[in-house]
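Here is how the chains run, residue by residue.
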Amino acid sequence: DNKMPHPMTQLLQRCLSLPQVRMSSSFLLEEKKNVGQFKGGHIGYTKNESSGIATVTLMNEKKRNAWSGQMLIDMINVLEDLQSWQVGKAVIIQGQGNTFSAGGDLKAEKEQLFNNNNAKQLVKDWCILMKHALDTISCLPLLTVSLVHGKAIGFGAEVVAATDFRLFTHSGEIMFIHAKMGLATTVGATNLVNIVSSRVALDILATCRGVNVAEALKIGLADHSVEEENRFESTVDWLQKRIEPEAEVLQTLKSNIVVARDLNRVESLLNEQNNYLKLVGGPAHFRAIEQFMKRKIK
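Residues numbered from 1 in each chain as written. Predicted model: local features only at pLDDT ≥ 70, side-chain atom pairs only at ≥ 80, totals over all residues. Heavy atoms only, no water.

**Considerations on the overall build of the protein chain**
Check the secondary structure of the protein chain and you find 13 helices and nine strands. Counting all 298 residues of the protein chain, 46% fall into the buried class. Restricting to contacts in the protein chain with at least 6 residues of sequence separation, those with at least 24 account for 72%. Surface exposure of the protein chain reaches about 16,000 Å², of which carbon and sulfur atoms provide 55%. (Helix = DSSP H or I, 4+ residues; strand = E, 2+ residues; numbered from the N terminus. Buried < 20%, exposed > 50% of the residue type's maximum accessible area, 1.4 Å probe, protein only. Contact = heavy atoms within 4.5 Å. Areas by Shrake-Rupley, 256 points an atom, 1.4 Å probe, with all protein chains shown as cover.)

Quick look at the structure:
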């Protein structure tokens, strides 16, 4: 009775729990306290219970939607709420006004890093929270879309790279400017390599050049372009074909993709099989069969 389970049994047990895993920042209280003292801007957040589409807006227009500590914490709180949104299907991340995000607030960064006795700890706290936010975006059970209108620079570019899809307006431009600032990305390189080839990613990161809508579409960094006027409505229209499945089904599909991307083949196959067994014969499956039969009879 005291024998350890077979390794394959342990692996199966681990995978069976994967879809229920939700990332939480409840253990990051000290980091939130330190970073949250830097105020400015906020995150706009709405959920449409009917369509299943949430909207997250970076709102610090006077500073071109540059990130403050409070904005980062607000974003983390929003993302954690989205993780448990049962009827949710997708989230659109956009910037207020004519810029997606200018990245970091350089004036605030200088004050924090060079005029602060606790700079080393503060940098570590920022890094932990930024990584947590980006990883949560990447693993959300919803389809995530960044609507890039104007420039997405630095950490703003990393947010764009963390989403599942990227839609650009004609003014949309993404710039991983980190190297020019004497920095490397937080997790942006990892996400960028998952979107484009490692060679293209290295070129973008090393040159710090802006990638406009034309190039982004060519290299696969952008999935679609929308007109600047009515850009949000056009993004919702683009999403419609991709969110037709019921929320439970769509969230399961996203879970399968995340596990396939981040774990090994054996774990991914076990997770996918488990998710299939959860859905088959369930309410969504039954309703889909009924609808199909009605169309066939007509």
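Having seen the structure, we can now continue with the description.
**Examining the side chain of Ser 268**
Relative to the helices and strands, Ser 268 is located in helix 12 (residues 265–279). A relative accessible area of 9% means that Ser 268 is categorised as buried. Apart from the residues within four sequence positions on either side, Ser 268 is in contact with Val 259 and Ala 260.

**Comments concerning the environment of Lys 278**
With respect to the helices and strands, Lys 278 occurs in helix 12. Relative accessible area serves as the criterion here: at 41%, Lys 278 is assigned to the partly exposed category. In this structure, the C-alpha to C-alpha distance between Lys 278 and Thr 252, residues 26 residues apart in sequence, is 9.5 Å.

**Notes on the packing of aromatic side chains**
According to the stated counting rule, one finds two aromatic pairs in the structure shown. Between Trp 67 and Phe 155, the ring centres sit 5.1 Å apart and the planes meet at 85 degrees, which makes this aromatic pair edge-to-face. Here Phe 155 lies in helix 6 (residues 155–162) and Trp 67 lies in the loop between strand 2 (53–59) and helix 3 (69–83), a separation of 88 residues in the sequence. Using a relative accessible area of 6% as the deciding quantity, one classes Trp 67 as buried. Residues Phe 165 and Trp 238 carry aromatic rings whose centres are separated by 5.2 Å and whose planes lie at 75 degrees to one another, so their mutual orientation is edge-to-face. One end of the pair, Phe 165, is in strand 6 (residues 165–168); the other, Trp 238, is in helix 10 (residues 231–240), with 73 residues separating them in the sequence. Given the relative accessible area of 22%, Phe 165 is considered partly exposed. Among the residues examined, Trp 238 registers a relative accessible area of 12% and is labelled buried. The ring of Trp 238 has Arg 242 sitting right over it, with the charged end atom 3.8 Å from the ring centre. (Phe/Tyr/Trp six-rings, centres within 6.5 Å; stacked < 30°, edge-to-face > 60°. Lys NZ or Arg CZ within 6 Å of the ring centre and 35° of its normal.)

**Description of the environment of Thr 207**
Tracing the backbone shows Thr 207 in helix 8 (residues 198–207). Take Thr 207: its relative accessible area is 36%, and that puts it in the partly exposed class. Remark: the alpha-carbon pair of Thr 207 and Phe 176, spanning 31 residues in sequence, is separated by 8.6 Å. A distance of 2.8 Å separates a polar atom in the side chain of Thr 207 from the backbone oxygen of Asp 203. (Polar contact = N/O pair within 3.5 Å; in protein donor to acceptor, adjacent residues only side chain to side chain.)

**Description of the nonpolar core**
Judged by nonpolar contacts, the single largest core of 52 residues is most densely connected at Trp 67, Leu 72, Leu 82 and Ile 174. Elements that contribute at least two residues to this core include exactly strand 2, helix 3, strand 3 (90–95), helix 5 (119–139), helix 6, helix 8 and helix 9 (213–219). Of all the elements, helix 3 adds the most residues to this core, at eight residues. In this structure, Ile 174 is in contact with Ala 152, Ala 157, Val 160, Phe 168, Arg 209, Gly 210, Val 211 and Leu 221, ignoring residues within four places of it in sequence. Listed in part, the 13 residues of the second largest apolar core include Val 145, Leu 167, Val 236 and Trp 238. (Core = buried A, V, L, I, M, F, W, Y, C linked by side-chain atoms within 4.5 Å.)

**Describing the packing of helix 3 against helix 5**
Look at helix 3 against helix 5: their axes get within 10 Å of each other, and the N-to-C directions meet at 35 degrees. Here helix 3 and helix 5 pass one another in a crossing that is left-handed. Across the interface between the two elements, Gly 69, Leu 72, Ile 73, Ile 76, Leu 79, Glu 80 and Gln 83 of helix 3 pack against Trp 126, Leu 129, Met 130, His 132, Ala 133, Thr 136 and Ile 137 of helix 5. Of the residues assigned to the contact of helix 3 with helix 5, the class counts are nine nonpolar, four polar and one charged. (Axes fitted to C-alpha atoms, helices over the stretch in contact; angles between N-to-C directions. Left-handed = near helix turned anticlockwise from the far one by under 90°. Nonpolar A, V, L, I, M, F, W, Y, C, P; charged D, E, K, R; others polar.)

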